[in-house]
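Listed below, chain by chain, are the residues.
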Amino acid sequence: MTRAVLVAVLLTAICLRAQTAPRTALANVSGRTSISLDGTWNTIIDPYEIGLGSHFYENSKPKTKSDLFEFDFEHSPKLHVPGDWNTQRESLLFYEGPIWYQRSFSYYKQPETRAFLYFGAANYFARAWLNGKKLGEHLGGFTPFDFDATDQLIDGDNNVVVEVDNTRHPDGVPGLKTDWWNYGGLTREVRLVEVPQTYIHDYEVQLAKGKVDVVDGWVQLVGARGAAEVSIEIPEVGLKQSAQVDASGRALFRFPAHVQLWSPDNPKLYQVVISSAGDKITDEIGFRTIDTHGSQILLNGKPIFLRGISMHEEAPFRSGRAFSEQDDRTLLSWAKELGCNFIRMAHYPYNEEMLRLADQMGLLVWEEIPVYWDIQWQNPATLENAKSQLRDVISRDHNRAAVALWSMSNETPISPERTEFLKSLAAYARQLDSTRLITSALNHWEQNDSDVRTISDPVGEFLDVLGVNEYMGWYEAKIEDTDHAQWKFSYDKPVIVSEFGAGAQYNLHGDDQTRFTEEYQANVFRHQLAMWQRVPEMAGMSPWVLMDFRSPRRPLPGIQDYFNRKGLISDQGQRKQAFYVLQRFYKDKAALGH
Ligand code: GCU
C-alpha cells in the first residue's frame, strides 16, 4: 500500500470518526429560540409496561361506543414537568417503574427551520413519540438529550408522548445500589428548540491549556455545505475571529486574547458571540486555566486551596430533585455562606443552570458521572453507557469556567476489570477535554500497625487529582484515632478529601460521643479538620455533606426517616453545630490566603 493511499485512508477514517462521533444534544439551548413544554402533563402509571402493547404513544381515542380503549391520558392524573414524580404524590414516593407522560402543543412549521425536542434530563430510561411516530430513546438519568422532530411535526395540534422508566438495572450506571433516592421522571426542562437548516451544534471557547492569554476553541456546524464561515466574537475586548469549517463542519480557532481571568474572588464572565451565515448564539463564558504541580492545584498558574463541600441535587425544604433557579441559588448560597470556593456535585451531573450559577457565583466545581460503588466492569454496554454520560456532560459544560474537575467514579472496589474500566474512561475524558483535571473518589488504603494509611490504588496512575473518601469516627475507627492517623500517597499528586462526615439529627443534643447528636458530628469535624491539616498533599476538601438528603438506605425512625442526616444543614435549612465548625475553619483558611 503506497504512502499516499495510507494517508488517504487515515484522513478518511479521521473525518468519518468526526462525522460519526455519537451525537450530543444541542449546546446552550437557553441561548436559542425555543418553546417551553414545561407545565402539567397527563400521566399513566404503568408498572407492568402494558403501554407499548396498547400503543399509548398513539394517544388514540375510541371512535365508536363499541371501541375498546383501556387508557385515556386526558382523564388521567397529572404531574408537573420538570419534577421527579416521587415527591409529587405520596403514592409514588417509592415507585420504580414506567410512567407515561403526554401533552399536546400547537405549532406551525417555519420555513428553512429544523426543530428538536430537547430534554434537560429524564431518569433513567426514556422513549419519545411525536404524533404517534417514534423519535428515539435515551439511557441515563442526568444528562440532556434531544431528537430531530422536524419531519414529525404538523401544523396545529401536536401530541407528544414520553415513557420514562426509573427501574434500576445491574448493568446500569448507576447500578442497583445508591445512597440517594432514585427520583424518576422528566426531572428537568422540556423544550422544542428551533434552529436553521445549517446550525451551530456546539462550540468550545476556553483558554489553551496552561496559557492565560491564548484562546483555543472550535465551532461545530451541522448541515454546512462547502466551506462555510463561522466566527467567535468577544465584544468587550474588541475581539472577532473567523474561520472556515472543514468537511466535517468543524472550524478550529487559536488566537491571543487579553482577558480578565475568572476566579472565585473575581468570577468575571464575558459575553461571547458565536455566529455563522444563518445562525448566532450568545454565551457567558469565563476564562481561567486549571492545572497541577506536584501536590498543588494551580488556578491561573497560582496554587489554590479548595475550600469545598459535597452536595446532592436535592431540593431544599421540599426535597425531591432540585431543578429551579431558586433551588440552585439556595444550595449554592449556603455553600458560599460556609466560606466555600469549591463544590463537589456528587454523584451525577446536575442541571445546567446550577453550573451557570456556579460560574456567576465564583464556585469551582467537581462534576461526576454515576459510576458509583459496584457496577458491571466487564460489560461493554455498561462501559458504553458510562462513556455516553461522560460525553454528554462534557459536551454540555465544557464552556463553564467553574468546572475544574471531571470525576470518573465514586468508591469503586479495586479489581483489574474496574481499573481497566476507569482507565479507559479517564482516557476518553482527556480526549474530549484536555483542559480540565481528571479525578475519582477513592476509598481504599493499606494500613500498617502504626496507623499509617497509604493510598496506592492502581487507578491513581490515570488521575490528575486523588479524591479520598474516609469516615474515621463514623463507619470506622474512633473519633480520637484521627489524632494520630497519618496519610501517605503512592503518587505525587494533589489530594482532595472528597468525603468525611457524620450523621446528626438537627436539634438532637447530648455529649460528643452520642451518635446522631449535633455534638458528635461537630466533634468529628473538629478532629477530621485537625487530621487533614497535617497532610501536606491536601489541596482541598469537600466534606460530606451540605444538606440532609433522601436515601432509601436510611430507615432509622425518628432520626433518619429515609434521610441521610450527614448534612451540615437539615433539609429544612437549619444549621447544625458542625456547620459553624467548618465555617470557622474556612474563614481562618481564607484569612491566610488559602
Ligand atoms: C459514601 C458515599 C456517599 C454516601 C456516604 C454516606 O461514602 O460516597 O454517597 O452517602 O458515604 O454513607 O453517608
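Above this text you will find the structure in question.
Worth saying up front: this structure is predicted, and the values here are computed from it rather than measured.

> So what exactly am I meant to see when it comes to the overall build of the chain here?
Along the backbone of the chain there are seven helices and 33 strands. The C-alpha radius of gyration of the chain comes to 25 Å, within 12% of the 25 Å expected for a compact globule of 594 residues. Burial statistics for the chain: of 594 residues in total, 60% are counted as buried. Look at the contacts in the chain between residues 6 or more apart in sequence, and 72% of them connect residues 24 or more apart.

> Would you explain the sheet that holds strand 20 (residues 302-303) in this entry?
Sheet strands line up and pair through hydrogen bonds in the backbone, either parallel or antiparallel. Strand order in the open sheet made by the three strands is 18-19-20, with antiparallel pairing throughout. Across the chains shown, the open sheet's two edge strands, defined by having one partner strand only, are strand 18 (290-293) and strand 20. Two strands pair when backbone bridges link them, and strand 19 (residues 296-299) and strand 20 are joined in this way by two bridges, in the antiparallel orientation. Following the sheet pairing, Leu299 is matched in strand 20 by Lys302.

> Is there a simple way to explain unusual backbone geometry in this structure?
Residues Val81 and Pro82 are joined by a peptide bond in cis, for which omega reads -5 degrees. Here Pro82 shows up in the loop between strand 3 (78-81) and strand 4 (98-107). The phi dihedral of Asn59 falls on the positive side, at around 50 degrees, and the residue is not glycine. Positionally, Asn59 belongs in the loop between strand 2 (39-45) and strand 3. Even without glycine at this site, Asn300 takes up a positive phi of about 55 degrees. Asn300 sits in the buried class, given a relative accessible area of 12%.

> Explanation requested: the sheet that holds strand 27 (residues 452-455) in the structure shown.
One open sheet holds the three strands; their spatial order is 26-27-29, and the pairing between them is mixed. Each of the sheet's edge strands pairs with one partner strand only, and the pair in question is strand 26 (446-447) and strand 29 (486-489). Where strand 27 lies against strand 29, four bridges are found, and the strand directions are parallel. Note that in strand 29 the partner of Arg453 across the bridge is Trp487.

> I tried to follow the pattern of salt bridges on my own but got confused; where do I start?
Side chains bearing opposite charge may pair, as long as their charged atoms lie close to each other. Enumeration over the complete set of coordinates arrives at 37 salt bridges. Arg188 serves as the salt-bridge partner of Glu313, at 3.2 Å between the closest nitrogen and oxygen. Here Glu313 is found in the loop between strand 21 (306-311) and helix 2 (325-338), whereas its partner Arg188 is found in the loop between strand 9 (156-165) and strand 10 (190-196), with 125 residues between them in sequence. Each of the two residues, Glu313 as well as Arg188, counts as buried. A single salt-bridge network, built from bridges that share partners, covers Asp283, Glu352, Arg356, Asp359 and Arg400.

> For this particular structure, what's the right way to read the site of the ligand?
As a structural note, the neighbourhood of the ligand is formed by 14 residues, with Asp179, Tyr372, Glu411, Tyr475 and Lys566 the closest of them. Measuring from an oxygen atom of the ligand, one finds a side-chain N or O atom of Asp179 at 2.5 Å. In this structure, an oxygen atom belonging to the ligand sits 2.5 Å away from a side-chain N or O atom of Tyr475. Expressed as a share of its isolated accessible area of 310 Å², the protein-covered part of the ligand is 97%.

> Help me understand the environment of Asp246 in this model?
By the secondary structure assignment, Asp246 is in the loop between strand 14 (239-244) and strand 15 (250-256). Distance from Asp246 to Ser551, taken between C-alpha atoms, is 49 Å for residues 305 residues apart in sequence. Of note is the side chain of Asp246, whose polar atom sits 2.7 Å from the side chain of Ser248.

> Whenever I open this one, the packing of aromatic side chains confuses me. Can you help?
Think of a pair of aromatic rings as described by two things: how far the centres are apart, and how the planes are tilted against each other in angle. All told, the structure shown has 33 aromatic pairs when counted by the stated rule. Arranged with centres 4.3 Å apart and planes meeting at 15 degrees, the rings of Phe142 and Tyr348 form a pair that is stacked. Note that Phe142 is positioned in the loop between strand 7 (133-139) and strand 8 (145-148) and Tyr348 in the loop between strand 22 (342-345) and helix 3 (352-361), a separation of 206 residues in sequence. A residue is classified by how much of its surface remains accessible, and Phe142, at 4% relative accessible area, is buried. Their ring planes at 35 degrees and their centres at 4.4 Å tell us that Tyr372 and Trp373 sit as a pair that is tilted. Aromatic ring contacts, followed pair by pair, group Phe56, Tyr57, Phe69, Phe71, Phe73, Trp100 and Trp129 into a single cluster. A cation over an aromatic ring shows up here: Lys387 above the ring of Tyr428, its NZ or CZ 5.3 Å from the ring centre. Stacked on the ring of Phe305, the Lys or Arg Lys589 has its end atom at 4.2 Å from the ring centre.

> Please clarify how the layout of surface pockets should be interpreted in this entry.
One way to see where empty space is left: roll a probe the size of a water molecule over the atoms. Considered as a void within the structure, the second largest pocket measures approximately 320 Å³ in volume. What lines the second largest pocket is a set of 15 residues, and nearest its centre among them are Ser263, Asp265, Leu299, Pro303 and Ile304. Its residues placed into classes, the lining of the second largest pocket shows seven nonpolar, five polar and three charged.

> I tried to follow the nonpolar core on my own but got confused; where do I start?
Inside soluble globular proteins, nonpolar side chains tend to come together where they are buried. Ranked by size, the top nonpolar core spans 96 residues in total, and within it Val371, Trp532 and Met541 carry the most contacts. By size, the runner-up hydrophobic cluster in this structure holds 29 residues, among which are Val81, Ile99, Ala128 and Leu130.

> Sorry if this is basic, but what is going on with the packing of helix 6 (residues 518-533) against helix 7 (residues 577-591) here?
If you want to describe how two helices pack, look at the angle between their axes and the distance between the axes. As a packed pair, helix 6 and helix 7 sit with axes 7 Å apart at the nearest point and diverge in direction by 25 degrees. For the element pair helix 6 / helix 7, the angle class is roughly parallel. Here the hand of the crossing between helix 6 and helix 7 comes out right-handed. In this structure, helix 6 contributes Glu518, Glu519, Gln521, Ala522, Phe525, Arg526, Leu529 and Gln533 to the contact, and helix 7 contributes Gln577, Ala578, Val581, Leu582, Phe585 and Lys589.

> So what exactly am I meant to see when it comes to the pairing of strand 24 (residues 403-410) here?
Regular strands have side chains that alternate between both faces of the sheet. The buried count for strand 24 comes to eight of eight residues, which makes it a mostly enclosed element. Here four bridges tie strand 23 (residues 364-368) to strand 24, and the two strands are oriented parallel to one another. Counted as the bridge partner of Glu367 is Trp406 from strand 24. The β-α-β motif built from strand 23, the intervening helix 4 (residues 380-397) and the parallel element strand 24 has right-handed crossover chirality. Inspection of the sheet shows strand 24 paired to strand 25 (residues 437-442) by four bridges, in the parallel sense. Following the sheet pairing, Ser407 is matched in strand 25 by Thr439.

> Would you take a moment to explain helix 7 for this structure?
If you check helix 7, its first and last C-alpha atoms are 21 Å apart, about what 15 residues at 1.5 Å a residue would give, namely 21 Å. Close packing links the buried residues of helix 7 with strand 21, helix 2, helix 6 and strand 31 (538-541). Positive phi shows up at Gly593, right after helix 7, with a value of about 80 degrees.

Conventions used here
Residues numbered from 1 in each chain as written. Predicted model: local features only at pLDDT ≥ 70, side-chain atom pairs only at ≥ 80, totals over all residues. Heavy atoms only, no water. Helix = DSSP H or I, 4+ residues; strand = E, 2+ residues; numbered from the N terminus. Rg over C-alpha atoms; globule rule 2.2 N^0.38 Å. Buried < 20%, exposed > 50% of the residue type's maximum accessible area, 1.4 Å probe, protein only. Contact = heavy atoms within 4.5 Å. Pairing = 2+ DSSP bridges. Salt bridge = Lys/Arg side-chain N within 4 Å of Asp/Glu carboxyl O. Near = heavy atom within 4 Å. Polar contact = N/O pair within 3.5 Å; in protein donor to acceptor, adjacent residues only side chain to side chain. Areas by Shrake-Rupley, 256 points an atom, 1.4 Å probe, with all protein chains shown as cover. Phe/Tyr/Trp six-rings, centres within 6.5 Å; stacked < 30°, edge-to-face > 60°. Lys NZ or Arg CZ within 6 Å of the ring centre and 35° of its normal. 1 Å grid on protein atoms, 1.4 Å probe; cavity = no way out; pocket = protein on both sides within 12 Å on 5 of 7 lines; lining within 4 Å. Points joined across faces, edges and corners; volume = space filled by probe spheres on them. Nonpolar A, V, L, I, M, F, W, Y, C, P; charged D, E, K, R; others polar. Core = buried A, V, L, I, M, F, W, Y, C linked by side-chain atoms within 4.5 Å. Axes fitted to C-alpha atoms, helices over the stretch in contact; angles between N-to-C directions. Parallel < 35°, antiparallel > 145°, perpendicular 65-115°, else oblique. Left-handed = near helix turned anticlockwise from the far one by under 90°. Right-handed = clockwise from strand over helix to strand, strands pointing away. Expected span 1.5 Å × (residues − 1).

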